[in-house]
Amino acid sequence: MSTIRYRRIASPVGPLTVAASDAGLHAIEFPSNRHPVRRDQDWREGDHPLLQEAEAQLADYFAGRRQAFDLPLAPRGTHFQREVWFALAAIPYGQTASYAQLAARVDRPSATRAVGAANGRNPLPIVLPCHRVIGADGSLTGFGGGLPTKRFLLELEGALPRTAPAPDLFA
């Protein structure tokens, strides 16, 4: 296993910790996560070319210039979790899906709770857009970065009407 480098980057939802190695992007963490990514002796603060590219693509996303990410991904998880996480990428920008729809998408229609649990442990939020998963009744449900962050991301993408002015990203 190669060393995973991480650093903090500024964003409109607070500082994000982004981690990568030669294998790909491993994690994006909000300032407070319900399920933090497990770090081990392979993690070192520092720089990596992929961190620079991830920062640039995230800046473009927050500025409204990017709707999809083009980064090599290397999240750590079970086969089932990875299947759910990569299915998130199929939810189009500006749209949402229910947990039941996501469960059907991974061919496990009766596993809504398991899909929800995997979704909640997504180590690459925003890039693998778990914020686009909502309750069957359209309600905003749990999100590792907090519901205000989820609402902000959905408003940014136009999936929800804006309730507050957009922040000045370059202030």
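Residues numbered from 1 in each chain as written. Predicted model: local features only at pLDDT ≥ 70, side-chain atom pairs only at ≥ 80, totals over all residues. Heavy atoms only, no water.

Under the annotation held in an unreviewed UniProt entry, the chain carries the name Methylated-DNA--protein-cysteine methyltransferase and is attributed to Pseudoxanthomonas daejeonensis. Entered under Subcellular location (unreviewed entry) in the UniProt record, the comment concerning the chain runs "Cytoplasm". (UniProt positions renumbered as here; feature names shortened; annotations may be inferred.)

A separate point is the overall build of the chain. The number of helices and strands found in the chain is five helices and six strands. Going residue by residue from the N terminus, the α and β elements of the chain occur as β-β-β-β-α-α-β-α-α-β-α. The C-alpha radius of gyration computed for the chain amounts to 15 Å, which stays within 12% of the reference 16 Å derived for 171 residues, consistent with globular compactness. Once the C-alpha set of the chain is aligned to its principal axes, its extents read approximately 45 × 40 × 25 Å. The burial tally for the chain puts 44% of its 171 residues in the buried class. Within the chain, residue pairs in contact and separated by at least 24 positions form 59% of the contacts whose partners lie at least 6 positions apart. On the chain, roughly 8,500 Å² of surface is accessible, and the fraction owed to carbon and sulfur atoms is 50%. Across the chain, the centroid of the 19 positively charged side chains sits 5 Å from that of the 16 negatively charged ones. (Helix = DSSP H or I, 4+ residues; strand = E, 2+ residues; numbered from the N terminus. Rg over C-alpha atoms; globule rule 2.2 N^0.38 Å. Buried < 20%, exposed > 50% of the residue type's maximum accessible area, 1.4 Å probe, protein only. Contact = heavy atoms within 4.5 Å. Areas by Shrake-Rupley, 256 points an atom, 1.4 Å probe, with all protein chains shown as cover. Lys, Arg positive; Asp, Glu negative; His and termini not counted. Charge placed at Lys NZ, Arg CZ, Asp CG, Glu CD.)

As a further point, take the sheet that holds strand S3 (residues 24-29). Spatially, the four strands line up as an open sheet ordered S3-S2-S1-S4, and their pairing is mixed. Across the chains shown, the open sheet's two edge strands, defined by having one partner strand only, are S3 and strand S4 (43-45). Direction aside, the axes of adjacent strands within the sheet are offset by 30° on average. Where strand S2 (residues 16-21) meets S3, five bridges bridge the pair, whose relative direction is antiparallel. For Ala19, the partnering residue across the bridge sits in S3 and is Ala27. Along the sheet, helix H1 (residues 49-62) makes contact with strand S1 (4-9), S2 and S3, crossing S2 at roughly 140°. (Pairing = 2+ DSSP bridges. Axes fitted to C-alpha atoms, helices over the stretch in contact; angles between N-to-C directions.)

Attention now goes to the nonpolar core. Leu16, Val18, Leu25, Leu58, Phe62 and Ile126 are the most contacted members of the largest nonpolar core, which has 39 residues in total. Listed by contribution, the elements that provide at least two residues to this core are S2, S3, H1, helix H2 (79-88), helix H3 (99-105), helix H4 (112-120) and helix H5 (147-157). A total of six residues in this core trace back to one element, the largest contributor, which is H1. By size, the runner-up hydrophobic cluster in this structure holds five residues, among which are Tyr6, Ala19, Ala27 and Trp43. (Core = buried A, V, L, I, M, F, W, Y, C linked by side-chain atoms within 4.5 Å.)

Below, the discussion takes up the pairing of S2. For S2, the tally of buried residues reaches six of six residues, placing the bulk of the element in the interior. Summarising the sheet, S1 and S2 pair through five bridges and their orientation is antiparallel. Counterpart to Arg5 in the pairing with S2 is Ala20. Counted along the chain from S1 to the antiparallel partner S2, the turn is six residues long, and its residue Gly14 has a positive phi close to 105°. Between the antiparallel neighbours S2 and S3 lie two residues.

What follows deals with the environment of Trp85. With respect to the helices and strands, Trp85 occurs in helix H2. Given the relative accessible area of 1%, Trp85 is considered buried. Expressed as a C-alpha distance, the spacing of Trp85 and Pro75, which sit 10 residues apart in the sequence, is 8.8 Å. Residue contacts for Trp85: discarding those within four places in its chain leaves Pro75, Arg76, Gly77, Ala118, Asn119, Arg121, Asn122, Pro123 and Leu128.

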